[in-house]
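# Residue-level structure breakdown
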Amino acid sequence: TPELKFAKAGGMHTPFFLTHQRLKWLENNCKLRNGDIVICTYPKCGTTWAEQIVLLLLNGGNTEMMDPESKNTYSRDQKFGKIWPLATLVDPDDLPNRPKSGEFRINITTEEFARMKGRRVLKQHMPRTTFLGQTKEGGLVK
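This text gives an overview of the structure that appears in the document. (Residues numbered from 1 in each chain as written. Predicted model: local features only at pLDDT ≥ 70, side-chain atom pairs only at ≥ 80, totals over all residues. Heavy atoms only, no water.)

## A few points about helix H1 (residues 20–29)
All buried positions along H1 are accounted for by Arg 22, Leu 23, Trp 25 and Leu 26. Projection of H1 onto a plane perpendicular to its axis shows the buried side chains occupying an angular sector of 160°, all on one side. With respect to the buried face of H1, the exposed residues turned more than 90 degrees away are Gln 21 and Asn 28. (Buried < 20%, exposed > 50% of the residue type's maximum accessible area, 1.4 Å probe, protein only. Helix = DSSP H or I, 4+ residues; strand = E, 2+ residues; numbered from the N terminus. Arc of directions from axis to C-beta.)

What follows is the structure in structure tokens.
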């Protein structure tokens, strides 16, 4: 059994790669826009299943665009899939130090993230008010 490593950020236990500094960086650089879909669940309780349902609804049920092997991670070729900002949104200066496996294999810069067309499907396992561009009143941060 692999040893699980955790950090603490935002007053919560978080994956090892989410430090307080990274959380602050995400707060400042992960900007939502109208039309974005955020799938926010507890870990290991059907997140990938919920993502697959949402993605199928968005693409008219076309299973050819789905990639369960990658957990439906965003594909630059198809310009489709879910984005996990905690693991994939990066500062270009950090690219050389990034892991190269799992969901980390896709590195999306803030510029690329902002240029993405259409509705973006985002995943997170933290409370919705934590960093994903939402005010405590539920509105989008400009």
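## Some thoughts on a nonpolar patch on the surface
Together, Trp 49, Ile 53 and Leu 57 make up an exposed nonpolar region whose accessible area comes to about 390 Å². By the element assignment, Leu 57 lies in helix H2 (residues 47–58). (Patch = residues over 30% accessible without salt bridge, like charges linked within 9 Å, V, L, I, M, F, W, Y side chains within 5 Å. Areas by Shrake-Rupley, 256 points an atom, 1.4 Å probe, with all protein chains shown as cover. Salt bridge = Lys/Arg side-chain N within 4 Å of Asp/Glu carboxyl O.)

## Quick look at the packing of aromatic side chains
Under the definition given, this model contains zero aromatic pairs. Here Arg 120 stacks its cationic end above the ring of Phe 113, 3.9 Å away from the centre of that ring. Directly above the ring of Trp 84 sits Lys 123, whose terminal nitrogen or CZ lies 4.2 Å from the centroid. (Phe/Tyr/Trp six-rings, centres within 6.5 Å; stacked < 30°, edge-to-face > 60°. Lys NZ or Arg CZ within 6 Å of the ring centre and 35° of its normal.)

So far we have only geometry, and geometry alone does not tell us how the molecule works.
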